[in-house]
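# A structural walkthrough
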Amino acid sequence: MSITYTYTIFSVDEAARCMEVIYSAEGHQTMHIGARLPFEGEPLEAVIKAFAPVPLWLSLVTPVVAPAVGTSGTVVPDPDSVFETVPTASTIPVTEL
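The structure presented is a predicted model; accordingly, all values stated were derived computationally and were not measured.

### Details of the nonpolar core
Counting 15 residues, the largest nonpolar core has I3, M19, V21, Y23, V54 and W57 as the members making the most contacts within it. Residue assignment for this core shows that the elements contributing at least two residues are β2 (18-24), β3 (31-36), α1 (44-51) and α2 (54-61).

Listed below in structure tokens is the structure:
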């Protein structure tokens, strides 16, 4: 599922190197998101896509399964990995958003 959204740059703070972006999509809550400014040579749209709340919007309409209270377990790290990576908007390819 994909979500078409619009954005408006609401404010820019060059000294702090950040901006506030308002994201809107039909049927979803309008979101004000703080984002970094694009680096020199980086397209604005790349930053807009990286900070878009599409994963949040999708998670709010995706059915969930509640685990039973008291469920527990053990997570064993992959021996080939020094650390585990938690997916974020900046690590998920835009095509998956």
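Now that the structure has been shown, the text picks up again.
### Concerning the sheet that holds β2
Spatially, the 3 strands line up as an open sheet ordered β1-β2-β3, and their pairing is antiparallel. Two strands bound the open sheet, and with one partner strand each, they are β1 (6-13) and β3. Across this sheet, the average inter-strand angle for adjacent strands is 25°, counted without regard to direction. By the bridge criterion, 7 bridges tie β1 to β2 in an arrangement that is antiparallel. Counterpart to Y7 in the pairing with β2 is Y23.

### Re the pattern of salt bridges
Summed over all chains, the structure comprises 2 salt bridges. Here E42 makes a salt bridge to R36, at a shortest N to O gap of 2.9 Å. Note on R36: relative accessible area 29%, which makes it partly exposed. Put simply, K49 and E45 hold a salt bridge, and the shortest N to O gap is 3.3 Å. Taken together, the positions of K49 and E45, both in helix α1 and 4 residues apart, correspond to about one turn of that helix. Judged by relative accessible area, which is 31%, K49 ranks as partly exposed.

Rules behind the numbers
- Residues numbered from 1 in each chain as written.
- Predicted model: local features only at pLDDT ≥ 70, side-chain atom pairs only at ≥ 80, totals over all residues.
- Heavy atoms only, no water.
- Core = buried A, V, L, I, M, F, W, Y, C linked by side-chain atoms within 4.5 Å.
- Buried < 20%, exposed > 50% of the residue type's maximum accessible area, 1.4 Å probe, protein only.
- Helix = DSSP H or I, 4+ residues; strand = E, 2+ residues; numbered from the N terminus.
- Pairing = 2+ DSSP bridges.
- Axes fitted to C-alpha atoms, helices over the stretch in contact; angles between N-to-C directions.
- Salt bridge = Lys/Arg side-chain N within 4 Å of Asp/Glu carboxyl O.

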